[in-house]
4 protein chains.
Amino acid sequence: MSGSTLGHLFRVTNFGESHGPAIGCVIDGCPPGMALAESDIQPELDRRRPGTSRHVTQRNEPDTVEILSGVFEGQTTGTPICLLIRNTDQRSKDYANLLDTFRPGHADYTYLHKYGLRDPRGGGRASARLTAPMVAAGAVARKWLALHHGVTFAGHMTQIGEIEIPFESLEHVPHNPFFAANATDIPRLEAYMDDLRKAGDSCGARIRVMARGVPVGWGEPLFDKLDADIAHAMMGINAVKGVEIGSGFRAVAERGTTHGDELTPAGFRTNHAGGVLGGISTGQDITVEIAVKPTSSIRTPRQSLDLQGQPKMVETHGRHDPCVGIRATPIAEALLALVLMDHALRHRAQCGDVRVAMPAIPGHV
Amino acid sequence: MSGSTLGHLFRVTNFGESHGPAIGCVIDGCPPGMALAESDIQPELDRRRPGTSRHVTQRNEPDTVEILSGVFEGQTTGTPICLLIRNTDQRSKDYANLLDTFRPGHADYTYLHKYGLRDPRGGGRASARLTAPMVAAGAVARKWLALHHGVTFAGHMTQIGEIEIPFESLEHVPHNPFFAANATDIPRLEAYMDDLRKAGDSCGARIRVMARGVPVGWGEPLFDKLDADIAHAMMGINAVKGVEIGSGFRAVAERGTTHGDELTPAGFRTNHAGGVLGGISTGQDITVEIAVKPTSSIRTPRQSLDLQGQPKMVETHGRHDPCVGIRATPIAEALLALVLMDHALRHRAQCGDVRVAMPAIPGHV
Amino acid sequence: MSGSTLGHLFRVTNFGESHGPAIGCVIDGCPPGMALAESDIQPELDRRRPGTSRHVTQRNEPDTVEILSGVFEGQTTGTPICLLIRNTDQRSKDYANLLDTFRPGHADYTYLHKYGLRDPRGGGRASARLTAPMVAAGAVARKWLALHHGVTFAGHMTQIGEIEIPFESLEHVPHNPFFAANATDIPRLEAYMDDLRKAGDSCGARIRVMARGVPVGWGEPLFDKLDADIAHAMMGINAVKGVEIGSGFRAVAERGTTHGDELTPAGFRTNHAGGVLGGISTGQDITVEIAVKPTSSIRTPRQSLDLQGQPKMVETHGRHDPCVGIRATPIAEALLALVLMDHALRHRAQCGDVRVAMPAIPGHV
Amino acid sequence: MSGSTLGHLFRVTNFGESHGPAIGCVIDGCPPGMALAESDIQPELDRRRPGTSRHVTQRNEPDTVEILSGVFEGQTTGTPICLLIRNTDQRSKDYANLLDTFRPGHADYTYLHKYGLRDPRGGGRASARLTAPMVAAGAVARKWLALHHGVTFAGHMTQIGEIEIPFESLEHVPHNPFFAANATDIPRLEAYMDDLRKAGDSCGARIRVMARGVPVGWGEPLFDKLDADIAHAMMGINAVKGVEIGSGFRAVAERGTTHGDELTPAGFRTNHAGGVLGGISTGQDITVEIAVKPTSSIRTPRQSLDLQGQPKMVETHGRHDPCVGIRATPIAEALLALVLMDHALRHRAQCGDVRVAMPAIPGHV
């Protein structure tokens with residue numbers, strides 16, 4: 001069971017390889033009657049597109065999306081939506097030297113041993129390029145969630161390498177190459193990345209994403225808690241090594257008298273829970289943080305093996321992001337949207353006619 | 001879709017409430033021909049059982065497991081295994097005062113708004129008591145993984161509240177109430193917990209679990225990466241707010257030249273990956289850390305609402321763990337085992353006949 | 001993947017063996033807030049119960065159902081409902097002679113070769129006894145469908161062995177041991193069955209079941225068409241060898257000008273479709289017919305093999321239904337209800353807010 | 001949950017509409033290391049292609065398949081295989097008159113009421129054209145099953161309208177437009193179809209398909225019996241109204257002494273079971289028959305309604321098969337292959353290491 005499908009009711013099946021003819025996805029289960037065009041999707045793809053600054057891979061992919069099915073006269077029909085993105089700027093020869101060795105920190109070794117063969121061109125299936133169809137599907141989910149529930153998404157980088165990025169305002173996020181909610185520190189971040197690139201090294205990043213306007217009641221008690229499904233989706237993004245909801249690891253040192261968010265008629269007083277209690281949304285902001293590891297494809301030579309198991313040095317000269325986390329913000333937003341969309345439908349399926357006498361308290365205070 | 005089933009091929013469906021007549025699970029998909037008796041399961045249940053020290057809930061549950069199906073003459077038949085655990089020590093009256101209010105940090109509020117009603121007795125479905133059937137199912141998975149692949153599991157607490165617990169030896173884990181891999185600091189931890197209990201407060205914990213002996217090749221590229229499914233399972237445990245694989249959040253500040261684990265004929269030189277690359281096991285130890293939040297049911301009065309949405313103070317007097325993380329170690333081990341078991345079968349399904357010329361390098365160095 | 005779960009949103013996981021301590025099921029996904037007690041389920045179990053006439057197995061099982069979870073103060077909570085039925089009248093020694101041979105037409109041979117071992121007591125997992133939990137789960141679905149959509153179910157036997165049973169009235173169904181919609185021919189059917197039993201032989205049956213009141217719009221285009229899921233559920237009943245929807249095999253010789261049901265403001269003029277077009281309900285009666293094969297456990301000696309593959313005659317002396325189809329009517333109704341329940345929730349998930357200007361035409365004319 | 005995915009481990013997700021830009025599917029879970037090229041798939045597509053005789057629709061579609069992913073240097077990699085078929089000969093104007101009415105026997109009415117809108121061009125998603133990607137996926141399954149287990153498939157038409165087609169030899173199947181295993185009666189069938197077409201009417205068909213070489217042991221006890229999953233897949237083919245396994249409805253009048261297939265060292269003496277006992281393959285031929293209803297799109301005017309629910313006559317002038325069953329044989333073979341492929345992997349997952357002392361008896365005698 002290859003597991004290339006995310007979601008149970010809003011199901012996204014991802015296909016493609018970095019250097020194959022195309023990548024894409026099929027969304028099955030989208031509600032009918034929603035206006036949808038490529039122009040709803042393309043802006044999100046453009047946010048994660050490579051080649052937009054010197055700090056990311058220089059591969060030049062327009063990532064133009066084509067809707068192949070599921071839309072008739074501009075409206076979703078309720079049938080599968082196939083989204084296709086042609087690959088256009090493959091340079092597979094860059095990878096010739098990787099055919100008989102394994103990059104440390106990369107999936108080269110595990111793919112070979114799982115499948116007995118691997119597509120080494122640009123990482124094949126293991127490439128972060130496969131996040132493009134996730135972002136495309138996420139754009140469809142975001143539109144439905146905005147229209148039907150007023151849910152909105154935001155994300156930003158909070159740390160790159162050793163540098164923590166102070167939060168100033170979400171307004172800054174689109175105006176720098178790092179998705180930083182900060183204007184002041186950008187030159188410092190650019191210098192840091194320039195040094196790193198020159199050193200032939202790479203670094204990690206920490207990303208924070210939020211969903212606002214999620215109604216109380218989405219999610220399940222166990223095992224498919226809303227936060228468990230979020231963790232699954234986030235850890236499924238390339239290079240992610242950690243996921244936190246709300247206080248996350250800070251909760252370890254918090255006391256119950258602090259961590260438990262008190263309720264008032266005006267709303268919760270705090271949001272240590274990150275918008276999820278018992279696996280079910282509280283109506284507050286869903287807050288998620290992820291750790292992205294440093295890119296494994298680096299210029300610096302490193303110890304590895306050849307196909308006979310003999311020592312061999314490896315260095316990578318394809319086009320790579322020195323910090324794959326830089327483009328992770330729109331990806332993480334997309335996956336959060338996909339999980340919420342799925343749970344919106346799951347909730348409607350089981351509890352679509354539940355009426356609660358007590359009104360929900362305001363979600364965001 | 002209520003999501004009470006974990007796994008795709010080794011499927012565990014959990015049922016029950018804290019104060020209902022029974023809790024349990026049905027395991028569908030267990031390979032046939034494995035010797036199995038209650039005595040294989042009971043020791044794991046005993047590890048997480050309540051009432052074993054003054055630092056955990058005083059509810060007295062023997063947690064005796066009964067195998068209702070799927071075993072014939074001491075062997076698994078390949079058909080569903082139903083494991084039943086009768087509840088015996090319910091004191092539902094302790095919860096009478098919670099019927100018309102909501103504990104801060106608890107699922108009371110979200111359940112009411114999702115379902116329109118809730119079972120308040122001992123937390124109902126949201127109770128950590130529902131981890132008992134997970135541990136029982138995990139024991140079946142552990143046995144199969146040990147027999148067929150030599151996989152073993154270990155876990156220990158690394159932090160309780162503000163106190164980090166130095167690692168001394170795994171041998172200490174069974175000999176203290178905290179699952180600490182430490183003998184020296186136990187008196188200090190006991191004093192800390194005694195103070196906390198007297199203060200009517202609660203604290204969080206950090207737990208580390210490992211699986212050793214997992215062969216290279218288990219897992220999937222996306223979305224159901226091995227680490228993504230681990231994250232899903234761990235975040236599905238009550239009160240967990242964060243999950244890390246390998247370096248986890250430390251990976252943010254690591255460089256590619258450090259984080260990427262170099263390969264040698266004698267094995268990987270390091271294990272920053274935590275045993276997973278590209279969603280697939282490397283053959284190294286799978287290492288996972290989780291953050292458990294402080295228990296929400298505490299004696300200290302806190303602000304909340306009544307069913308009319310009016311302010312009301314709430315304090316909890318049922319029997320509760322002051323640190324729900326204390327019993328989380330065997331639970332986290334069980335869930336790791338369940339995920340690995342599922343992926344063992346998934347891998348065999350798709351790649352059962354793959355032969356790789358290059359030998360796998362030693363997993364553990 | 002053992003496939004012991006039916007349904008996607010209203011999920012029924014079945015467990016147990018004929019001569020184990022208990023059989024039962026877990027229903028995950030039941031909507032909350034529905035009144036539910038054992039008394040809602042027991043009458044359906046009593047309809048299929050063994051031992052109620054001389055024409056069925058004389059095994060004496062009260063089939064008393066116990067609700068273990070998912071109901072609080074008489075209402076479904078939205079969490080898993082475990083239904084348990086204890087086995088009480090096992091006589092496993094009757095099967096001692098079957099341990100080293102295979103009944104022709106029975107699953108003995110296939111189980112051994114699939115699993116490497118088998119539970120021979122009363123057929124183990126292959127016993128028709130496992131339909132009891134299906135009927136129990138079906139009772140829950142029937143109640144919800146009746147309350148929320150006014151859907152009702154009916155079924156009757158239309159043929160037993162070579163004897164076609166003329167339809168007289170559904171009112172007769174509860175008043176004869178065959179579920180025949182007929183009063184006139186009952187003595188003839190009884191004589192037929194008495195002769196068959198004396199001859200140590202068995203026969204098949206044809207059953208017809210209907211659901212009335214299903215709204216237009218339930219089902220999916222492909223692959224999970226409403227009729228495809230019905231076919232799956234029906235063929236999953238023990239001994240079923242054929243399934244028809246509407247005209248079924250008669251459709252082969254029908255012309256398009258006859259088969260296509262014309263629409264009028266008063267409703268469809270005919271119902272050759274059996275209430276499903278393009279995989280989606282039309283609002284008419286869903287009509288299904290199934291073929292049940294003759295019982296394989298018979299007294300007459302037959303050629304078979306022993307465990308060494310050598311010829312060996314086999315005859316069966318346990319307690320068996322000479323026509324397993326006699327008790328199939330409530331089972332088939334239950335499975336039809338389970339499929340419709342699942343699709344009711346599936347439809348609400350995706351299309352819960354669809355509004356159609358054109359009114360649906362009357363379903364039943 | 002739209003249900004456009006077939007299979008659990010070999011998962012085929014179908015997308016597209018009759019007159020959209022493309023149709024296709026994504027296969028997730030194909031074992032790695034199998035040689036695969038378009039030339040493995042195209043011949044099967046050519047068998048079901050429209051426009052090949054005067055007895056089928058004159059729509060001229062080359063149905064050229066393109067492999068977009070999952071294959072590297074001519075071998076499957078174990079990652080999703082996307083198969084794309086561009087639509088080239090749409091004439092959507094033919095359907096303008098259907099926009100505000102409903103063909104009797106067609107999905108027009110049910111789609112509108114389910115989704116609130118529909119794509120009327122050539123039937124949209126309800127078109128038999130969507131069986132092309134099923135056939136393409138089936139070709140991949142067939143290749144694997146042949147290579148790994150020697151399984152082969154055959155099918156033929158056994159009845160068209162009122163005319164039963166005597167079985168002569170499978171060798172005739174490719175040499176007539178009806179997939180008849182008969183040479184003698186072809187002129188009579190052609191005359192029958194010519195008359196029907198001139199009359200502006202349509203008729204049904206009965207198709208028989210077989211799989212030979214399936215090993216004993218594939219399938220599950222319940223609910224996902226091998227025959228249940230076959231019934232699901234077959235009833236999921238457009239226009240199918242009935243499914244039989246082995247004796248099918250003939251089993252009703254058979255006695256246990258006849259129906260139960262006796263075992264001998266040389267194999268089973270008969271095959272009334274159709275190769276499945278207790279939901280698990282016996283090693284004999286899997287035999288399946290299906291009933292295909294007459295095409296609903298006919299030239300003859302019929303009573304229907306307009307979008308206001310007022311009476312309106314409807315006749316259809318697009319290009320249609322007068323007997324949609326004519327092209328159903330390769331489709332049914334493909335779906336049988338897909339079900340078997342899925343169960344081959346499911347069996348390997350759970351029982352991959354089962355060894356049985358007793359040898360399997362010969363399957364085919």
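In the block above lies the structure referred to throughout.
Now for a quick tour of the structure. Sequence order as written defines the numbering, with residues in each chain counted from 1. Chain letters start at A and ligand numbers start at 1, both assigned in the order the entries are written. Totals for whole chains, interfaces and linings use all residues, but because this is a predicted model, local features are given only for residues with pLDDT of at least 70 and pairs of side-chain atoms are given and counted only at 80 or more. Where side-chain values are given, they derive from all heavy atoms of the structure, hydrogens and water being excluded.

**Some words on the overall build of chain A**
What counts here: Numbering of helices and strands runs from the N terminus; a helix is a DSSP stretch of H or I covering at least four residues, while a strand is a stretch of E covering at least two. Both definitions apply: the radius of gyration is a C-alpha atom measure, and the globule rule equals 2.2 Å times residues to the power 0.38. Accessible area is worked out with a 1.4 Å probe on protein chains only. A residue is then buried under 20% of its type maximum, exposed over 50%, and partly exposed in between. Surface accessibility in these figures is a Shrake-Rupley result with a 1.4 Å probe; residues are shielded only by whichever protein chains are displayed.
Helices and strands together make up the secondary structure of chain A, namely seven helices and 18 strands. Compactness check: chain A gives a C-alpha radius of gyration of 21 Å against a globular reference of 21 Å for 365 residues, within 12% of the reference. Taken over 365 residues, chain A has a buried fraction of 72%. For chain A, the computed accessible surface area is about 10,200 Å², with 52% contributed by carbon and sulfur atoms.

**Focus: the interface of chain A and chain C**
Test applied: Note on definitions: a residue-residue contact is assigned when non-hydrogen atoms from the two residues lie within 4.5 Å. When two parts are brought into contact, each loses some accessible area as probed by a 1.4 Å sphere; the total of that loss over both is the buried area. Take a side-chain nitrogen of Lys or Arg and a carboxyl oxygen of Asp or Glu: if they are within 4 Å of each other, that pair is a salt bridge. Identification of polar contacts relies on pairs of N or O atoms within 3.5 Å, with a donor-acceptor requirement for protein atoms, meaning one able to donate a hydrogen and the other able to accept it, and with residues adjacent in sequence counted only if both atoms are side-chain atoms.
With 15 residues of chain A at the contact, the number on the chain C side is 15 residues. Of the roughly 1,200 Å² buried between chain A and chain C on both sides combined, carbon and sulfur atoms contribute 53%. Contact with chain C buries surface across chain A, with A:Arg348, A:Ala349 and A:Gln350 losing the most and accounting together for 46% of the total. For the pair chain A and chain C, the number of links is two salt bridges. The tally of links from chain A across to chain C stands at 13 residue pairs in polar contact (both at pLDDT 80 or more). Among the elements that make up the side of chain A that touches chain C, the one with the highest residue count is helix 7 (residues 328–351) of chain A (five residues).

**Here's the deal with the sheet that holds strand 11 (residues 240–245) of chain C**
This is how the line gets drawn: When DSSP finds at least two bridges between two strands, those strands are taken to pair.
Strand order in this open sheet of ten strands is 9(C)-8(C)-10(C)-16(C)-11(C)-11(D)-16(D)-10(D)-8(D)-9(D), and the pairing throughout is antiparallel. Each having just a single partner strand, strand 9 (163–164) of chain C together with strand 9 (163–164) of chain D make up the two edges of the open sheet. Judged from the five bridges that link them, strand 11 (residues 240–245) of chain D and strand 16 (residues 286–292) of chain D form a sheet pairing that is antiparallel. Its bridge partner lying in strand 16 of chain D, D:Val243 is registered against D:Ile290.

**Here we look at the pattern of salt bridges**
The final tally for this structure, using the stated rule, is 110 salt bridges over all chains. Linking B:Arg129 and B:Asp63 is a salt bridge whose minimum nitrogen-to-oxygen distance equals 2.7 Å. With B:Arg129 in the loop between helix 2 (108–115) and helix 3 (131–149) and B:Asp63 in the loop between helix 1 (38–48) and strand 4 (65–67), this pair connects stretches of sequence that are 66 residues apart. Taken as a pair, B:Arg129 and B:Asp63 share a single burial class, namely buried. When the shortest N-O distance is used, the salt bridge between D:Arg48 and D:Asp63 registers 3.1 Å. In this pair, D:Arg48 is assigned in helix 1 (residues 38–48) and D:Asp63 in the loop between helix 1 and strand 4 (65–67), connecting sequence segments 15 residues apart. Salt bridges sharing partners connect three or more residues here, namely A:Glu44, A:Arg47, A:Arg142 and A:Glu333.

**With respect to the relation of the copies chain A and chain C**
Our working rule: We place the copies in one frame by least squares, fitting the C-alpha atoms of every residue whose pLDDT is at least 70 in both.
It takes a turn of 180 degrees to lay chain A on chain C, together with a shift of 0.0 Å along the axis; the resulting RMSD is 0.0 Å. In the structure described here, the two chain copies are related by an operation that fits a two-fold rotation axis. Among all residues of chain A, the minimum C-alpha distance to the rotation axis is found for A:Ala349, at 2.1 Å. Interface overlap between copies is the fraction of interface residues in one copy that are interface residues in the other; for chain A against chain C it reaches 100%, indicating a shared surface.

**Points about the relation of the copies chain D and chain C**
Overlaying chain D on chain C yields an RMSD of 0.0 Å, the required transformation being a rotation through 180 degrees with an accompanying axial translation of 0.0 Å. A share of 100% of interface residues in chain D that are also interface residues in chain C marks the association as one of identical surfaces.

**Let's talk about the pairing of strand 11 (residues 240–245) of chain A**
Counting buried residues along strand 11 of chain A, six of its six residues qualify, which places the element largely inside the surrounding structure. Sheet analysis places strand 11 of chain A next to strand 11 (residues 240–245) of chain B, joined by three bridges and oriented antiparallel. Across the sheet, the residue bridging to A:Glu244 is B:Gly242, located in strand 11 of chain B.

**Let's talk about the sheet that holds strand 11 of chain A**
The strand order across the open sheet formed by ten strands is 9(A)-8(A)-10(A)-16(A)-11(A)-11(B)-16(B)-10(B)-8(B)-9(B), and the pairing between neighbours is antiparallel. Only two strands of the sheet have a single neighbouring strand rather than two, namely strand 9 (163–164) of chain A together with strand 9 (163–164) of chain B. Sheet topology places strand 10 (residues 205–212) of chain B next to strand 16 (residues 286–292) of chain B; seven bridges connect them, and they run antiparallel. Pairing of B:Ile207 across the sheet is with B:Ile290, part of strand 16 of chain B.

**Looking at the packing of aromatic side chains**
Between two aromatic rings, the relevant description is the distance of the centres plus the angle of the planes. Definition in use: Note on ring pairs: Phe, Tyr and Trp rings are taken, using the six-membered ring of Trp, and paired if centres are within 6.5 Å. Classes follow the plane angle, with under 30 degrees stacked, over 60 edge-to-face and the rest tilted. Here, a charge over a ring is recorded when the distance from Lys NZ or Arg CZ to the ring centre is within 6 Å and its angle to the ring normal is within 35 degrees.
Enumeration over the complete set of coordinates arrives at 14 aromatic pairs over all chains. A centroid spacing of 6.1 Å and a plane angle of 70 degrees characterise the contact between C:Phe249 and D:Phe249, whose relative ring orientation is edge-to-face. With C:Phe249 in the loop between strand 11 and helix 6 (256–259) and D:Phe249 in the loop between strand 11 and helix 6 (256–259), this pair bridges two chains. Take C:Phe249 and D:Phe249: they sit in the same class, and that class is buried. A connected cluster of aromatic rings, assembled from ring pairs, spans A:Phe102, A:Tyr109 and B:Phe268. Its guanidinium or amino end placed over the ring of B:Tyr115, B:Lys114 lies 5.8 Å from that ring's centre, counting from NZ or CZ.

**Details of the interface of chain D and chain C**
For an interface, size is often stated in terms of accessible area lost upon the parts coming together. Applied cut-off: Residues are grouped as follows: nonpolar covers Ala, Val, Leu, Ile, Met, Phe, Trp, Tyr, Cys and Pro; charged covers Asp, Glu, Lys and Arg; every other residue, Gly included, is treated as polar.
Across the boundary between the two partners, chain D contributes 115 residues, which contact 115 residues of chain C. Of the roughly 9,800 Å² buried at the junction of chain D and chain C (both faces included), carbon and sulfur atoms supply 63%. On the chain D side of the contact with chain C, D:Met1, D:Lys114 and D:Phe223 bury the most area, a combined 9% of that side's loss. Taken together, chain D and chain C are joined by four salt bridges. Here C:Arg255 makes a salt bridge to D:Glu162, at a shortest N to O gap of 3.4 Å. Where chain D packs against chain C, one counts 47 residue pairs in polar contact (both at pLDDT 80 or more). The greatest single-element share of the side of chain D that touches chain C, amounting to seven residues, is contributed by helix 2 (residues 108–115) of chain D. By residue class, the composition of the side of chain D that touches chain C is 55 nonpolar, 38 polar and 22 charged.

**Comments concerning the environment of C:Thr257**
Inspection of the secondary structure assignment puts C:Thr257 in helix 6. Since its relative accessible area comes to 27%, C:Thr257 is described here as partly exposed. Not counting residues within four places of it along the chain, the set of residues in contact with C:Thr257 comprises D:Asp201, D:Ile298, D:Thr300 and D:Arg302.

**Some thoughts on helix 4 (residues 186–198) of chain D**
Residue and element names in this part refer to chain D. As a reminder, the rule being used: Here the expected span of a helix is defined as 1.5 Å times the quantity of residues minus one.
With 13 residues, helix 4 extends 18 Å from end C-alpha to end C-alpha; this agrees with the ideal 18 Å at 1.5 Å per step. Of the residues making up helix 4, those classed as buried are Ile186, Leu189, Tyr192, Met193, Asp194 and Leu196. Directly beyond the C-terminal end of helix 4, a positive phi value near 65 degrees is found at Gly200.

**Topic: the packing of helix 1 of chain D against helix 3 (residues 131–149) of chain D**
All names here are of chain D. To keep it simple, the criterion reads: Note on definitions: angles span 0 to 180 degrees between N-to-C directions of axes, and those axes are lines fitted to C-alpha atoms, for helices only across the stretch in contact. Oblique is the label for any angle not under 35 degrees, not over 145, and not in the 65 to 115 range, which are roughly parallel, roughly antiparallel and roughly perpendicular in turn. For any helix crossing, the convention is left-handed if the near helix is rotated counterclockwise from the far helix by under a right angle, and right-handed if that rotation is clockwise.
In the contact formed by helix 1 and helix 3, the axes pass within 8 Å of each other and the chain directions differ by 135 degrees. Judged on the interaxial angle alone, helix 3 and helix 1 are oblique. Helix-helix and strand crossings are classified by hand; for helix 1 and helix 3 the assignment is right-handed. Facing helix 1, whose interface residues are Asp40, Ile41, Glu44, Leu45, Arg47 and Arg48, helix 3 presents Thr131, Ala132, Val135, Ala136, Ala139, Val140, Arg142 and Lys143. Looking at side-chain class alone, the contact of helix 1 with helix 3 contains seven nonpolar, one polar and six charged residues.

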